[in-house]
Each structure stands twice: as C-alpha cells, then as structure tokens.
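# Examination of the molecular architecture
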Amino acid sequence: MQTRTDIKRNDTVKVITGRDKGKQGRVLRVFPTEGKLLVEHVMMVKKAVKRQQGKTKGGIAEQESRISLSNVMIVCPTCGPVRVAHKMHGDRKERVCKKCGTTLDK
Ligand SMILES: [Zn+2]
C-alpha cells in the first residue's frame, strides 16, 4: 500500500515531535510504502562499522535512521513549518504553502 505523501526528496522538513523535535533538515529519501523518511542529520544512530582492509579504520559511525512522516512538517521559506495545500496548474498539481500560497516545489 502506498501512503499519500506530500513530502519529496530534497524538501526541507522540520521535526515536530519525538526525540529530534525542532531539528530541521533536507529529505534524503522517502519510503512511501512505510510512510517514512530519511532526513539529513535527523535521528542519527551510531552504527558499528566493520574494519575493511586498507579502507576505513572501523569503529563507530553515525548515520540517519528513518523517521515517520507524521513526525515532520514541510518548511515554507517564509512561514516555517506548514501544512501542504495543492494547486492545479492545468493537469499538473503543485504543492503550495497552506498559509501564504508560496510554491513548495522546486
Ligand atoms: Zn508560507
């Protein structure tokens, strides 16, 4: 099943609830079937890295983990975190800020 998502890769989102509340970042990946996202520098988890011969030293690295779509809001450049509204341009649907109407599509 595909969850309806108004958030796309490279959008700027703000975390509105949970451990990383208040953090803002760029969307790296969207997982529509799970309703989850990877957001840059959000929900960082430590991960053991195996030593690879001649490459990394091994040890602990930090990487993003998935956050639920419902825990973030898209950020409008003028209003901050907002809900997404849709505007039709012919047969193309554009995502706009619900408050000021600015396009959120790049
Ligand atoms: Zn706005």
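Residues numbered from 1 in each chain as written. Predicted model: local features only at pLDDT ≥ 70, side-chain atom pairs only at ≥ 80, totals over all residues. Heavy atoms only, no water.

The subject of this paragraph is the overall build of the protein. Across its full length, the protein holds zero helices and ten strands. Relative to the compact-globule value of 13 Å for 106 residues, the protein shows a C-alpha radius of gyration of 17 Å, a clear excess of over 25%. If you line up the protein on its principal axes, its C-alpha atoms span 55 × 30 × 25 Å. Across the protein, every contact between residues at least 6 apart in sequence was considered, and the portion connecting residues at least 24 apart equals 40%. Surface exposure of the protein reaches about 7400 Å², of which carbon and sulfur atoms provide 49%. Between the mean site of the 25 positive side-chain charges and the mean site of the 10 negative ones, the protein shows a separation of 5 Å. (Helix = DSSP H or I, 4+ residues; strand = E, 2+ residues; numbered from the N terminus. Rg over C-alpha atoms; globule rule 2.2 N^0.38 Å. Contact = heavy atoms within 4.5 Å. Areas by Shrake-Rupley, 256 points an atom, 1.4 Å probe, with all protein chains shown as cover. Lys, Arg positive; Asp, Glu negative; His and termini not counted. Charge placed at Lys NZ, Arg CZ, Asp CG, Glu CD.)

Our focus in this paragraph is the coordination of the zinc ion. Looking at the metal site, the zinc ion is ligated by Cys76 (SG), Cys79 (SG), Cys97 (SG) and Cys100 (SG), spaced 2.2 to 2.3 Å from it. With four donor atoms in place around the zinc ion and angles of 106 to 113 degrees between them, the coordination shape is tetrahedral. Positions of the donor residues of the zinc ion, expressed as sequence spacing, correspond to C-x2-C-x17-C-x2-C. Placement of Cys79 in the loop between strand E7 (72-76) and strand E8 (80-82) and of Cys100 in the segment after strand E10 (92-97) is noted, with a sequence separation of 21 residues between them. For Cys79, a relative accessible area of 26% gives the class partly exposed. With a relative accessible area of 39%, Cys100 lands in the partly exposed category. (Donors = N, O, S within 2.8 Å, 3.2 Å for Na, K, Ca; no water. Tetrahedral: all angles 85-135°; square planar, octahedral: opposite > 155°, others 65-115°. Buried < 20%, exposed > 50% of the residue type's maximum accessible area, 1.4 Å probe, protein only.)

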